[in-house]
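Below, each chain spelled out in residue letters.
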Amino acid sequence: MTAVLAALVVVLGLSLLVVGVVRLAFVPAALVFEARRRRDDPGPAGCGPEFPEAPLVSVVVPAFDESVVIENCVRSVLRSEHPALEVVCVDDGSTDDTFARMQRLAVEHPQVRARRQENSGKGEALNTGIAVARGDVLVLVDADGLFRPDTVTRLLRGFRDPRVGAVCGNDRPVNLDRVLTRLLALISHVGTGLMRRALDVLGCLPIVSGNVGAFRRDVLEQVGPLRTDTLGEDLELTWRVHRAGFRVTFAPDALVYAESPSTVRGLWRQRVRWARGLLQVTAMHRDMVGNPRYGTFGPYLVFNTAAQVVAPFVQVLALVVLVVLVAVDGTAWLPADWWGWVLLLGIPLSVALLLLAVLLDRAPGDLRQLWTLPLWPVYSLLMTFVLLDAARLELGNAENRWNKLDRSGTVSVRGLVDDDGHGS
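Quick look at the structure, then. (Residues numbered from 1 in each chain as written. Predicted model: local features only at pLDDT ≥ 70, side-chain atom pairs only at ≥ 80, totals over all residues. Heavy atoms only, no water.)

**Observations regarding the overall build of the protein**
A count of helical and extended segments in the protein gives 13 helices and eight strands. Relative to its length of 424 residues, the protein is compact, with a C-alpha radius of gyration of 22 Å against a globular reference of 22 Å. With the principal axes as the frame, the protein shows a C-alpha extent of 75 × 45 × 45 Å. The buried share of the protein, reckoned over its 424 residues, is 54%. The contacts in the protein between residues at least 6 apart in sequence include a share of 82% that link residues at least 24 apart. (Helix = DSSP H or I, 4+ residues; strand = E, 2+ residues; numbered from the N terminus. Rg over C-alpha atoms; globule rule 2.2 N^0.38 Å. Buried < 20%, exposed > 50% of the residue type's maximum accessible area, 1.4 Å probe, protein only. Contact = heavy atoms within 4.5 Å.)

As structure tokens, then:
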């Protein structure tokens, strides 16, 4: 047991250190993003330079058994400051009263339309909504998302030039009532505050979040509908946008608050689904990996595949090798003092990058969750085994399941819903 524990600590420490060094290399690009933001042109209509007039925006909301959250989501969208807006709700064969709630919203608000289909999955529900939507820009969201009044406007400003085909918004946890969700609220800034900014500048942003993403209608018509044979429909669509020669940008101020997994089981199921989607999409578009024909995105996919697909297997192999080494040679070669362990764990670098990411995201309030940081290495270890389980399921041709989170309806962020529980 001692050998296993020592080897585990070493692998975790080296992993944090390597990941930290890699992320450090992206910091200059993230800072360039911030410098450019100060020069962004809001345009004559406040929607960016590409829109001389406010375009009609269609927000498409697919839902399966989302009665707990669907009304708050739609009402928050309707409170948008954008003047030309419609909401297309698509019920994917729910077994609860989700569709009835959609219908009531459609009666109350002429901007809302409700559609129902047989249970076919999220991708098909989005395609149904896109087919009936009338907007020049389509915003695809999840049914638990809560918009701020300026979310749509901020998304539109992400279309900075004619080459931009899609814009990724900034999703943050709304249910800060559990230790796990508080940890996720903190460490997610590394992905949004740092990496998305850097990848925007480098032309390599690999995903438009399913929680909040905007697409030009003409781009969707060119690249085709969402595929229904993958668990990573948002990832796959983004890669097709890159394949067609369009840019994907990040709009950090286009905030949507959505529920994060509040249990380890829920987190595991969500991340396994994401990992399976990554494996499926990488296989579908393997010709793009390393291909300079797709600009910087092709070569970036080599790094992406190495970091997210290959690295977990390397970590497990390293763990096995180190267990053998410790069992044979003991632990004398490991750092003996406490500070040596801290350095080995890469904690100073990881914490420094986290603080920078929080500052870039202008979310100092989330530093109240710093007490959850000791759980970060445990989370990192869990994510390693998530990929392995996803690979096992893919090799076994397991069925693709939506496996959405069980919603709680918890809203811990002030100002997103009215006192009566309706989206504000």
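**Here's the deal with the packing of aromatic side chains**
By the definition in use, this model includes five aromatic pairs. Aromatic side chains Trp-239 and Phe-297 sit 5.9 Å apart centroid to centroid with 85° between the ring planes, which places their arrangement in the edge-to-face category. Remark: Phe-297 occurs in helix 10 (residues 297-329) and Trp-239 occurs in helix 8 (residues 233-243); sequence separation between them is 58 residues. In this structure, Trp-239 and Phe-297 share a single accessibility class: buried. Ring centres of Tyr-300 and Phe-303 lie 5.8 Å apart, and the angle between their planes is 45°; on these two criteria the pair is classed as tilted. Of this pair, Tyr-300 and Phe-303 are both found in helix 10, three residues apart, which corresponds to roughly one turn of the helix. The exposure class assigned to Tyr-300 is buried, which follows from its relative accessible area of 10%. For Phe-303, a relative accessible area of 32% puts it in the partly exposed group. (Phe/Tyr/Trp six-rings, centres within 6.5 Å; stacked < 30°, edge-to-face > 60°.)

**A look at helix 13 (residues 376-395)**
Here helix 13 spans 29 Å end to end across 20 residues, near enough to the 28 Å set by a 1.5 Å rise per residue. Regarding helix 13, the residues found buried are Trp-376, Pro-377, Tyr-379, Thr-384, Val-386, Leu-387, Asp-389, Ala-390 and Ala-391. Taken from the residues just after helix 13, Asn-397 is the one with a positive phi, measuring 55°. (Expected span 1.5 Å × (residues − 1).)

**Let's talk about the sheet that holds strand 5 (residues 146-147)**
Read from one edge of the open sheet, eight strands run 3-2-1-4-7-6-8-5, paired in mixed fashion. What marks the edges here is a single partner per strand, and that holds for strand 3 (112-117) and strand 5. Strand direction decides the pairing type here: strand 4 (residues 137-141) and strand 7 (residues 212-216), joined by five bridges, are antiparallel. Pairing of Val-141 across the sheet is with Val-212, part of strand 7. Contacting strand 6 (164-173) and strand 8 (247-258), helix 6 (residues 179-202) crosses the sheet at an angle of about 160° to strand 6. (Pairing = 2+ DSSP bridges. Axes fitted to C-alpha atoms, helices over the stretch in contact; angles between N-to-C directions.)

**Considering the pairing of strand 1 (residues 57-63)**
The buried count for strand 1 comes to seven of seven residues, which makes it a mostly enclosed element. Both faces of strand 1 are covered, namely the face carrying Val-57, Val-59, Val-61 and Ala-63 and the face carrying Ser-58, Val-60 and Pro-62. As defined by bridge partners, strand 1 adjoins strand 2 (residues 85-92) across seven bridges and the pair is classed as parallel. Its bridge partner lying in strand 2, Val-57 is registered against Leu-85. Where the polypeptide runs from strand 1 across helix 2 (residues 70-78) and back to strand 2, its parallel neighbour, the crossover connection is right-handed. Relative to strand 4, strand 1 runs parallel, the two sharing four bridges. Residue pairing across strands places Val-60 opposite Leu-140, the latter belonging to strand 4. (Right-handed = clockwise from strand over helix to strand, strands pointing away.)

**Quick notes on the environment of Asp-389**
Relative to the helices and strands, Asp-389 resides in helix 13. Take Asp-389: its relative accessible area is 15%, and that puts it in the buried class. Separated by 117 residues in the primary sequence, Asp-389 and Val-272 place their C-alpha atoms 6.9 Å from one another. Discounting chain neighbours no more than four positions away, the residues touching Asp-389 are Trp-268 and Val-272. A polar atom in the side chain of Asp-389 sits 3.4 Å from the side chain of Trp-268. (Polar contact = N/O pair within 3.5 Å; in protein donor to acceptor, adjacent residues only side chain to side chain.)

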